[in-house]
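Next come the chains, spelled out residue by residue.
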Protein chains: 2
Amino acid sequence: MRGRFELDLYVILDRTASHGRDLREILDGVIAGGGRLVQFREKEWPLRRCLPLLEDLRRRAKQAGIGLVVNDRLDLALAVEADGLHLGQDDLPASVARRLLPPPMFLGVSTHSLEQARQAEREGADYVAVGSIFPTATKPEFQLVGLDLLRTVRQTIAAPLVAIGGITADNAEEAIRAGADGVAVISAVCGAPDPAMATRLLLERIRAARIARTKTAPGK
Amino acid sequence: MRGRFELDLYVILDRTASHGRDLREILDGVIAGGGRLVQFREKEWPLRRCLPLLEDLRRRAKQAGIGLVVNDRLDLALAVEADGLHLGQDDLPASVARRLLPPPMFLGVSTHSLEQARQAEREGADYVAVGSIFPTATKPEFQLVGLDLLRTVRQTIAAPLVAIGGITADNAEEAIRAGADGVAVISAVCGAPDPAMATRLLLERIRAARIARTKTAPGK
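Position numbers for residues count from 1 along each chain, tracking the sequence in the order it is written. As a convention, the first chain written is A and the first ligand written is 1, with the rest following in written order. The predicted origin of the model limits local features to residues at a pLDDT of at least 70 and limits the giving and counting of side-chain atom pairs to 80 or more, whereas totals for whole chains, interfaces and linings rest on all residues. Working from all heavy atoms in the structure, the side-chain values ignore hydrogens and water.

A. Layout of the interface of chain A and chain B. Any pair of residues with heavy atoms lying within 4.5 Å of one another is described as a contacting pair. Taken together, the contact between chain A and chain B spans 20 residues of the former and 20 residues of the latter. In this description, buried area is defined as the sum, over both parts, of the accessible area (probe of 1.4 Å) that is lost when the two are combined. Here chain A meets chain B over a buried area of about 1,700 Å², counting both sides, of which 56% is carbon and sulfur. Salt bridge, as used here: a side-chain nitrogen of Lys or Arg that lies within 4 Å of a carboxyl oxygen of Asp or Glu. There are two salt bridges connecting chain A and chain B. Here B:R73 ties to A:D72 by a salt bridge, and the two come within 3.7 Å at their closest N and O atoms. We define a polar contact as two N or O atoms separated by no more than 3.5 Å, with the added condition that, inside protein, one atom must be a possible hydrogen donor and the other a possible acceptor, whereas residues neighbouring each other in sequence contribute only through side-chain atom pairs. Along the contact surface separating chain A from chain B lie ten residue pairs in polar contact (both at pLDDT 80 or more). Taken together, the elements giving at least two residues each to the side of chain A that touches chain B come down to helix 2 (47-64), helix 3 (74-79) and helix 4 (94-100) of chain A. Counting from the N terminus, the helices are DSSP H or I runs at least four residues long and the strands are E runs at least two residues long.

Below is the structure:
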(Lines give C-alpha, C1' and ligand atoms only; values in the text may rest on other atoms or scores of the structure.)
Protein backbone atom coordinates (compact mmCIF):
# COMPACT_ATOMS: atom_id res chain seq x y z
CA MET A 1 0.00 0.00 0.00
CA ARG A 2 1.23 3.43 -0.95
CA GLY A 3 1.57 6.15 1.62
CA ARG A 4 2.12 5.56 5.28
CA PHE A 5 -1.20 4.15 6.42
CA GLU A 6 -1.55 0.88 8.25
CA LEU A 7 -4.76 -1.01 7.72
CA ASP A 8 -6.32 -2.03 10.98
CA LEU A 9 -9.44 -0.03 11.75
CA TYR A 10 -10.85 1.97 8.87
CA VAL A 11 -13.67 4.29 9.93
CA ILE A 12 -16.11 5.45 7.29
CA LEU A 13 -17.53 8.86 8.15
CA ASP A 14 -21.09 8.82 6.90
CA ARG A 15 -23.52 11.59 7.75
CA THR A 16 -26.62 9.42 7.49
CA ALA A 17 -25.21 6.96 10.05
CA SER A 18 -24.24 9.68 12.51
CA HIS A 19 -27.63 10.43 14.06
CA GLY A 20 -27.45 14.10 13.15
CA ARG A 21 -24.03 14.67 14.67
CA ASP A 22 -21.48 16.62 12.67
CA LEU A 23 -18.85 14.48 10.99
CA ARG A 24 -16.16 16.77 12.42
CA GLU A 25 -17.23 15.61 15.85
CA ILE A 26 -17.11 11.95 14.82
CA LEU A 27 -13.65 12.45 13.32
CA ASP A 28 -12.40 14.10 16.49
CA GLY A 29 -13.65 11.03 18.37
CA VAL A 30 -11.86 8.67 15.99
CA ILE A 31 -8.64 10.63 16.41
CA ALA A 32 -9.02 10.66 20.20
CA GLY A 33 -9.63 6.91 20.15
CA GLY A 34 -6.45 6.22 18.22
CA GLY A 35 -7.92 5.63 14.73
CA ARG A 36 -5.51 6.13 11.87
CA LEU A 37 -7.59 5.90 8.74
CA VAL A 38 -10.96 7.41 7.85
CA GLN A 39 -13.09 7.68 4.75
CA PHE A 40 -15.47 10.45 3.77
CA ARG A 41 -18.66 9.00 2.29
CA GLU A 42 -21.54 11.21 1.15
CA LYS A 43 -23.97 9.81 -1.38
CA GLU A 44 -26.65 12.49 -1.46
CA TRP A 45 -25.25 15.98 -1.13
CA PRO A 46 -24.13 17.80 -4.27
CA LEU A 47 -20.39 18.20 -4.51
CA ARG A 48 -20.43 21.91 -3.75
CA ARG A 49 -22.10 21.21 -0.43
CA CYS A 50 -19.60 18.47 0.51
CA LEU A 51 -16.54 20.52 -0.20
CA PRO A 52 -16.32 22.85 2.84
CA LEU A 53 -17.03 19.95 5.22
CA LEU A 54 -14.49 17.73 3.52
CA GLU A 55 -11.91 20.51 3.59
CA ASP A 56 -12.42 20.77 7.34
CA LEU A 57 -12.09 16.99 7.79
CA ARG A 58 -8.95 17.08 5.64
CA ARG A 59 -7.36 19.74 7.82
CA ARG A 60 -8.21 17.91 11.04
CA ALA A 61 -6.96 14.54 9.72
CA LYS A 62 -3.73 16.05 8.46
CA GLN A 63 -3.11 17.82 11.72
CA ALA A 64 -3.62 14.54 13.58
CA GLY A 65 -1.42 12.67 11.11
CA ILE A 66 -4.13 10.21 10.11
CA GLY A 67 -5.16 9.15 6.61
CA LEU A 68 -8.24 10.47 4.83
CA VAL A 69 -9.81 8.63 1.92
CA VAL A 70 -12.62 9.99 -0.27
CA ASN A 71 -15.37 7.65 -1.37
CA ASP A 72 -16.55 7.46 -4.96
CA ARG A 73 -15.46 10.82 -6.39
CA LEU A 74 -12.00 11.26 -7.81
CA ASP A 75 -12.68 14.94 -8.44
CA LEU A 76 -13.36 15.51 -4.75
CA ALA A 77 -10.30 13.45 -3.76
CA LEU A 78 -8.12 15.56 -6.05
CA ALA A 79 -9.73 18.79 -4.86
CA VAL A 80 -8.75 18.23 -1.22
CA GLU A 81 -5.59 16.24 -1.93
CA ALA A 82 -6.90 13.24 -0.05
CA ASP A 83 -4.54 10.42 0.87
CA GLY A 84 -6.65 7.92 -0.99
CA LEU A 85 -9.70 7.24 -3.12
CA HIS A 86 -12.19 4.44 -2.55
CA LEU A 87 -14.30 3.18 -5.44
CA GLY A 88 -17.35 0.95 -5.61
CA GLN A 89 -18.40 -1.22 -8.51
CA ASP A 90 -20.60 1.59 -9.91
CA ASP A 91 -17.84 4.17 -9.81
CA LEU A 92 -14.85 4.88 -12.03
CA PRO A 93 -13.02 1.63 -12.90
CA ALA A 94 -9.84 1.14 -10.87
CA SER A 95 -7.70 1.02 -14.03
CA VAL A 96 -8.91 4.48 -15.03
CA ALA A 97 -8.57 5.92 -11.53
CA ARG A 98 -5.06 4.54 -11.17
CA ARG A 99 -4.05 6.38 -14.34
CA LEU A 100 -5.58 9.66 -13.13
CA LEU A 101 -4.44 9.66 -9.49
CA PRO A 102 -1.20 11.32 -8.50
CA PRO A 103 1.21 8.54 -7.45
CA PRO A 104 1.13 9.02 -3.67
CA MET A 105 -2.65 8.75 -3.55
CA PHE A 106 -3.72 5.20 -2.80
CA LEU A 107 -6.69 3.40 -4.24
CA GLY A 108 -9.17 1.01 -2.65
CA VAL A 109 -12.00 -0.88 -4.29
CA SER A 110 -15.15 -2.46 -2.85
CA THR A 111 -15.73 -5.97 -4.15
CA HIS A 112 -18.45 -8.54 -3.68
CA SER A 113 -17.08 -11.57 -5.49
CA LEU A 114 -13.77 -13.30 -6.08
CA GLU A 115 -13.70 -12.12 -9.68
CA GLN A 116 -14.22 -8.48 -8.65
CA ALA A 117 -11.45 -8.80 -6.07
CA ARG A 118 -9.02 -10.27 -8.60
CA GLN A 119 -9.90 -7.57 -11.09
CA ALA A 120 -9.43 -4.81 -8.51
CA GLU A 121 -5.97 -6.10 -7.69
CA ARG A 122 -5.10 -6.53 -11.37
CA GLU A 123 -6.20 -2.96 -12.11
CA GLY A 124 -3.99 -1.49 -9.43
CA ALA A 125 -6.00 -1.31 -6.20
CA ASP A 126 -3.73 -0.77 -3.19
CA TYR A 127 -6.26 -2.50 -0.96
CA VAL A 128 -9.36 -4.51 -1.67
CA ALA A 129 -12.51 -4.30 0.44
CA VAL A 130 -14.73 -7.38 0.62
CA GLY A 131 -18.31 -7.33 1.83
CA SER A 132 -20.84 -7.36 3.18
CA ILE A 133 -19.35 -9.78 5.66
CA PHE A 134 -22.26 -9.53 8.10
CA PRO A 135 -25.81 -8.24 7.59
CA THR A 136 -25.99 -4.45 7.65
CA ALA A 137 -28.58 -1.73 7.37
CA THR A 138 -26.07 0.94 6.29
CA LYS A 139 -25.32 -0.56 2.90
CA PRO A 140 -28.44 -2.58 2.06
CA GLU A 141 -27.40 -2.49 -1.61
CA PHE A 142 -24.42 -4.70 -0.83
CA GLN A 143 -25.07 -8.38 -1.06
CA LEU A 144 -24.16 -10.49 1.92
CA VAL A 145 -21.07 -12.48 0.97
CA GLY A 146 -20.04 -13.72 4.40
CA LEU A 147 -16.71 -14.79 5.79
CA ASP A 148 -16.33 -17.52 3.18
CA LEU A 149 -15.64 -15.08 0.38
CA LEU A 150 -13.10 -13.31 2.56
CA ARG A 151 -11.23 -16.61 3.06
CA THR A 152 -11.32 -17.40 -0.65
CA VAL A 153 -10.12 -13.94 -1.61
CA ARG A 154 -7.35 -14.15 1.00
CA GLN A 155 -6.09 -17.36 -0.59
CA THR A 156 -6.17 -15.82 -4.04
CA ILE A 157 -4.87 -12.26 -3.97
CA ALA A 158 -1.91 -10.58 -2.32
CA ALA A 159 -3.32 -7.06 -1.84
CA PRO A 160 -4.23 -5.95 1.70
CA LEU A 161 -7.81 -6.90 2.50
CA VAL A 162 -10.45 -4.92 4.34
CA ALA A 163 -13.57 -6.61 5.63
CA ILE A 164 -16.67 -4.42 5.40
CA GLY A 165 -20.34 -4.67 6.25
CA GLY A 166 -21.97 -5.19 9.62
CA ILE A 167 -18.70 -5.26 11.53
CA THR A 168 -18.74 -4.45 15.24
CA ALA A 169 -16.37 -4.90 18.16
CA ASP A 170 -18.06 -8.25 18.75
CA ASN A 171 -17.39 -9.80 15.36
CA ALA A 172 -14.26 -7.95 14.15
CA GLU A 173 -12.13 -10.81 15.37
CA GLU A 174 -13.89 -13.28 13.05
CA ALA A 175 -13.09 -11.09 10.05
CA ILE A 176 -9.43 -10.86 11.00
CA ARG A 177 -9.25 -14.61 11.56
CA ALA A 178 -10.77 -15.16 8.11
CA GLY A 179 -7.88 -13.25 6.58
CA ALA A 180 -8.72 -9.54 6.66
CA ASP A 181 -5.86 -7.14 7.39
CA GLY A 182 -8.28 -4.57 8.66
CA VAL A 183 -11.97 -3.90 9.11
CA ALA A 184 -14.03 -1.01 7.88
CA VAL A 185 -16.93 0.19 10.01
CA ILE A 186 -19.65 2.76 9.59
CA SER A 187 -22.37 2.43 12.24
CA ALA A 188 -20.07 0.85 14.84
CA VAL A 189 -18.34 4.23 15.20
CA CYS A 190 -20.55 6.88 13.52
CA GLY A 191 -23.61 5.54 15.33
CA ALA A 192 -21.91 4.93 18.67
CA PRO A 193 -22.82 7.13 21.64
CA ASP A 194 -19.09 7.67 22.18
CA PRO A 195 -17.14 7.39 18.91
CA ALA A 196 -13.77 7.68 20.70
CA MET A 197 -14.54 4.78 23.01
CA ALA A 198 -15.97 2.72 20.14
CA THR A 199 -12.78 3.35 18.14
CA ARG A 200 -10.59 2.35 21.06
CA LEU A 201 -12.50 -0.87 21.67
CA LEU A 202 -12.47 -1.87 18.00
CA LEU A 203 -8.74 -1.23 17.75
CA GLU A 204 -8.09 -3.37 20.82
CA ARG A 205 -10.11 -6.24 19.40
CA ILE A 206 -8.52 -5.99 15.94
CA ARG A 207 -5.02 -5.91 17.34
CA ALA A 208 -5.67 -8.80 19.68
CA ALA A 209 -7.11 -10.83 16.80
CA ARG A 210 -4.11 -10.09 14.61
CA ILE A 211 -1.72 -11.18 17.34
CA ALA A 212 -3.75 -14.34 17.96
CA ARG A 213 -3.75 -15.13 14.25
CA THR A 214 0.01 -14.74 14.02
CA LYS A 215 0.42 -17.16 16.94
CA THR A 216 -1.95 -19.84 15.67
CA ALA A 217 -0.94 -19.64 12.02
CA PRO A 218 2.74 -18.78 11.85
CA GLY A 219 2.72 -19.10 8.08
CA LYS A 220 0.17 -16.32 7.76
CA MET B 1 -11.20 30.25 -25.03
CA ARG B 2 -8.66 27.46 -24.99
CA GLY B 3 -8.62 24.83 -27.68
CA ARG B 4 -9.94 25.28 -31.16
CA PHE B 5 -13.68 25.45 -30.60
CA GLU B 6 -15.83 28.27 -31.84
CA LEU B 7 -18.92 29.05 -29.83
CA ASP B 8 -21.98 29.26 -32.01
CA LEU B 9 -24.26 26.29 -31.49
CA TYR B 10 -23.57 24.17 -28.43
CA VAL B 11 -25.64 20.99 -28.35
CA ILE B 12 -26.17 19.30 -25.00
CA LEU B 13 -26.61 15.56 -25.42
CA ASP B 14 -29.10 14.53 -22.75
CA ARG B 15 -30.60 11.06 -22.68
CA THR B 16 -33.79 12.14 -20.96
CA ALA B 17 -34.53 14.71 -23.67
CA SER B 18 -33.89 12.26 -26.52
CA HIS B 19 -37.17 10.34 -26.51
CA GLY B 20 -35.44 7.00 -26.04
CA ARG B 21 -33.01 7.45 -28.92
CA ASP B 22 -29.39 6.60 -28.36
CA LEU B 23 -27.14 9.62 -27.82
CA ARG B 24 -24.75 8.22 -30.45
CA GLU B 25 -27.51 8.68 -32.99
CA ILE B 26 -28.15 12.25 -31.83
CA LEU B 27 -24.44 13.03 -32.01
CA ASP B 28 -24.21 11.65 -35.54
CA GLY B 29 -27.07 13.97 -36.45
CA VAL B 30 -25.33 16.97 -34.90
CA ILE B 31 -22.16 16.14 -36.82
CA ALA B 32 -24.10 15.69 -40.07
CA GLY B 33 -25.81 19.02 -39.46
CA GLY B 34 -22.51 20.87 -39.06
CA GLY B 35 -22.44 21.21 -35.26
CA ARG B 36 -19.00 21.75 -33.78
CA LEU B 37 -19.49 21.53 -30.02
CA VAL B 38 -21.45 19.08 -27.88
CA GLN B 39 -21.80 18.39 -24.19
CA PHE B 40 -22.49 15.07 -22.50
CA ARG B 41 -24.99 15.51 -19.68
CA GLU B 42 -26.21 12.58 -17.58
CA LYS B 43 -27.61 13.29 -14.16
CA GLU B 44 -28.97 9.89 -13.13
CA TRP B 45 -26.78 7.04 -14.28
CA PRO B 46 -23.88 5.94 -12.09
CA LEU B 47 -20.51 6.80 -13.52
CA ARG B 48 -19.68 3.23 -14.47
CA ARG B 49 -22.73 3.08 -16.69
CA CYS B 50 -21.93 6.41 -18.38
CA LEU B 51 -18.37 5.53 -19.24
CA PRO B 52 -18.76 3.17 -22.25
CA LEU B 53 -21.33 5.49 -23.85
CA LEU B 54 -19.18 8.52 -23.25
CA GLU B 55 -16.13 6.76 -24.65
CA ASP B 56 -18.09 6.06 -27.81
CA LEU B 57 -19.24 9.68 -28.07
CA ARG B 58 -15.66 10.79 -27.49
CA ARG B 59 -14.38 8.64 -30.37
CA ARG B 60 -17.10 9.82 -32.73
CA ALA B 61 -16.58 13.50 -31.83
CA LYS B 62 -12.81 13.25 -32.22
CA GLN B 63 -13.12 11.54 -35.57
CA ALA B 64 -15.43 14.31 -36.76
CA GLY B 65 -13.12 16.98 -35.33
CA ILE B 66 -15.77 18.48 -33.07
CA GLY B 67 -15.46 19.42 -29.41
CA LEU B 68 -16.85 17.31 -26.58
CA VAL B 69 -17.51 18.76 -23.14
CA VAL B 70 -18.47 16.73 -20.06
CA ASN B 71 -21.08 18.12 -17.70
CA ASP B 72 -20.58 18.19 -13.94
CA ARG B 73 -17.94 15.48 -13.39
CA LEU B 74 -14.27 16.32 -13.65
CA ASP B 75 -13.38 12.66 -13.08
CA LEU B 76 -15.36 11.62 -16.13
CA ALA B 77 -13.89 14.49 -18.19
CA LEU B 78 -10.38 13.39 -17.24
CA ALA B 79 -11.20 9.72 -17.86
CA VAL B 80 -12.12 10.31 -21.51
CA GLU B 81 -9.81 13.26 -22.09
CA ALA B 82 -12.71 15.51 -22.99
CA ASP B 83 -12.05 18.87 -24.62
CA GLY B 84 -13.82 20.68 -21.84
CA LEU B 85 -15.69 20.49 -18.55
CA HIS B 86 -18.93 22.27 -17.77
CA LEU B 87 -19.86 23.00 -14.16
CA GLY B 88 -23.08 24.13 -12.53
CA GLN B 89 -23.43 26.05 -9.30
CA ASP B 90 -23.73 22.79 -7.30
CA ASP B 91 -20.60 21.26 -8.79
CA LEU B 92 -16.92 21.73 -8.14
CA PRO B 93 -16.05 25.45 -7.89
CA ALA B 94 -14.42 26.79 -11.06
CA SER B 95 -11.31 27.85 -9.17
CA VAL B 96 -10.74 24.27 -7.99
CA ALA B 97 -11.51 22.75 -11.39
CA ARG B 98 -9.16 25.18 -13.14
CA ARG B 99 -6.36 24.00 -10.88
CA LEU B 100 -7.09 20.32 -11.55
CA LEU B 101 -7.71 20.41 -15.30
CA PRO B 102 -4.88 19.82 -17.72
CA PRO B 103 -4.23 23.15 -19.50
CA PRO B 104 -5.76 22.38 -22.90
CA MET B 105 -9.09 21.39 -21.34
CA PHE B 106 -11.46 24.33 -21.29
CA LEU B 107 -13.92 25.17 -18.57
CA GLY B 108 -17.46 26.49 -18.73
CA VAL B 109 -19.74 27.50 -15.89
CA SER B 110 -23.54 27.85 -15.71
CA THR B 111 -24.61 31.07 -14.04
CA HIS B 112 -27.95 32.56 -13.10
CA SER B 113 -26.97 36.00 -11.82
CA LEU B 114 -24.50 38.76 -12.60
CA GLU B 115 -22.52 37.95 -9.48
CA GLN B 116 -22.21 34.27 -10.45
CA ALA B 117 -21.10 35.26 -13.95
CA ARG B 118 -18.45 37.63 -12.61
CA GLN B 119 -17.23 35.00 -10.20
CA ALA B 120 -17.05 32.35 -12.93
CA GLU B 121 -14.92 34.63 -15.07
CA ARG B 122 -12.73 35.61 -12.12
CA GLU B 123 -12.17 31.93 -11.24
CA GLY B 124 -10.99 31.06 -14.72
CA ALA B 125 -14.02 29.99 -16.76
CA ASP B 126 -13.25 29.98 -20.48
CA TYR B 127 -16.88 30.62 -21.26
CA VAL B 128 -19.85 31.57 -19.13
CA ALA B 129 -23.34 30.20 -19.67
CA VAL B 130 -26.30 32.36 -18.64
CA GLY B 131 -29.81 31.02 -18.18
CA SER B 132 -32.53 30.16 -18.30
CA ILE B 133 -33.14 32.74 -20.99
CA PHE B 134 -36.57 31.37 -21.95
CA PRO B 135 -38.92 29.04 -20.05
CA THR B 136 -37.85 25.41 -20.33
CA ALA B 137 -39.03 22.02 -19.17
CA THR B 138 -35.58 20.40 -19.48
CA LYS B 139 -33.98 22.29 -16.65
CA PRO B 140 -36.88 23.28 -14.41
CA GLU B 141 -34.41 23.80 -11.56
CA PHE B 142 -32.95 26.79 -13.38
CA GLN B 143 -34.59 30.06 -12.60
CA LEU B 144 -35.80 32.13 -15.52
CA VAL B 145 -33.44 35.08 -15.84
CA GLY B 146 -34.46 36.31 -19.27
CA LEU B 147 -32.61 38.30 -21.89
CA ASP B 148 -32.05 41.19 -19.50
CA LEU B 149 -29.46 39.32 -17.47
CA LEU B 150 -27.69 38.33 -20.65
CA ARG B 151 -27.42 42.00 -21.66
CA THR B 152 -26.15 42.99 -18.22
CA VAL B 153 -23.57 40.19 -18.15
CA ARG B 154 -22.45 41.10 -21.68
CA GLN B 155 -21.76 44.66 -20.56
CA THR B 156 -19.81 43.45 -17.54
CA ILE B 157 -17.61 40.51 -18.44
CA ALA B 158 -15.28 39.76 -21.33
CA ALA B 159 -15.53 35.94 -21.41
CA PRO B 160 -17.47 34.33 -24.27
CA LEU B 161 -21.14 34.01 -23.37
CA VAL B 162 -23.50 31.14 -24.03
CA ALA B 163 -27.24 31.62 -23.71
CA ILE B 164 -29.04 28.57 -22.34
CA GLY B 165 -32.57 27.54 -21.47
CA GLY B 166 -35.55 27.23 -23.78
CA ILE B 167 -33.67 28.23 -26.91
CA THR B 168 -35.03 27.18 -30.28
CA ALA B 169 -34.44 28.13 -33.90
CA ASP B 170 -37.22 30.70 -33.46
CA ASN B 171 -35.69 32.63 -30.57
CA ALA B 172 -31.93 31.99 -30.96
CA GLU B 173 -31.57 35.29 -32.79
CA GLU B 174 -32.86 37.22 -29.75
CA ALA B 175 -30.19 35.64 -27.57
CA ILE B 176 -27.44 36.55 -30.02
CA ARG B 177 -28.77 40.10 -30.32
CA ALA B 178 -28.74 40.39 -26.53
CA GLY B 179 -25.02 39.66 -26.55
CA ALA B 180 -24.55 35.88 -26.52
CA ASP B 181 -21.68 34.49 -28.60
CA GLY B 182 -23.42 31.16 -28.86
CA VAL B 183 -26.51 29.31 -27.73
CA ALA B 184 -26.78 26.00 -25.95
CA VAL B 185 -29.73 23.78 -26.71
CA ILE B 186 -31.02 20.50 -25.36
CA SER B 187 -34.54 19.72 -26.53
CA ALA B 188 -34.26 21.76 -29.72
CA VAL B 189 -31.86 19.12 -31.06
CA CYS B 190 -32.15 16.03 -28.80
CA GLY B 191 -35.92 16.16 -28.98
CA ALA B 192 -36.13 17.02 -32.68
CA PRO B 193 -37.46 14.43 -35.14
CA ASP B 194 -34.39 15.07 -37.29
CA PRO B 195 -31.42 16.23 -35.16
CA ALA B 196 -29.27 16.91 -38.24
CA MET B 197 -31.86 19.21 -39.76
CA ALA B 198 -32.49 20.91 -36.41
CA THR B 199 -28.74 21.52 -36.05
CA ARG B 200 -28.46 22.95 -39.53
CA LEU B 201 -31.41 25.32 -39.02
CA LEU B 202 -30.12 26.54 -35.65
CA LEU B 203 -26.66 27.18 -37.08
CA GLU B 204 -28.13 29.17 -39.97
CA ARG B 205 -30.17 31.33 -37.61
CA ILE B 206 -27.25 31.88 -35.22
CA ARG B 207 -24.87 32.84 -37.99
CA ALA B 208 -27.37 35.15 -39.60
CA ALA B 209 -27.99 36.82 -36.23
CA ARG B 210 -24.28 37.28 -35.63
CA ILE B 211 -23.80 38.88 -39.03
CA ALA B 212 -26.81 41.14 -38.49
CA ARG B 213 -25.46 42.17 -35.09
CA THR B 214 -22.07 43.05 -36.56
CA LYS B 215 -23.77 45.21 -39.19
CA THR B 216 -26.08 47.06 -36.85
CA ALA B 217 -23.57 47.53 -34.02
CA PRO B 218 -20.11 47.91 -35.53
CA GLY B 219 -18.60 48.50 -32.10
CA LYS B 220 -19.66 45.08 -30.83
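B. Focus on the side chain of A:D72. If you trace the backbone, A:D72 turns up in the loop between strand 3 (67-71) and helix 3. The cut-offs for exposure are 20% and 50% of the maximum accessible area for each residue type, with area from a 1.4 Å probe on protein chains only; residues under the lower value are buried, those over the upper are exposed, and the others partly exposed. Residue classification places A:D72 among the buried residues on the basis of a relative accessible area of 14%. Every residue in contact with A:D72, bar those within four places of it in the chain, is listed here: A:K43, A:L85, A:H86, A:L87, A:D91 and B:R73.

C. Quick look at the pattern of salt bridges. In this structure the tally under the stated criterion is 34 salt bridges over all chains. A:D83 serves as the salt-bridge partner of A:R58, at 3.4 Å between the closest nitrogen and oxygen. Taken together, the positions of A:R58 in helix 2 and A:D83 in the loop between helix 3 and strand 4 (84-87) put the pair 25 residues apart, joining distant regions of the chain. A relative accessible area of 13% means that A:D83 is categorised as buried. When the shortest N-O distance is used, the salt bridge between B:D170 and B:R205 registers 3.6 Å. Residue B:D170 is found in the loop between strand 7 (161-164) and helix 7 (172-177), and its partner B:R205 is found in helix 9 (residues 195-216); the two are separated by 35 residues along the sequence. By relative accessible area, B:D170 is classed as exposed at 69%. Here B:R205 falls in the partly exposed class, since its relative accessible area comes to 33%. Because the salt bridges share partners, they merge into one network encompassing A:D22, A:R24, A:D56 and A:R59.

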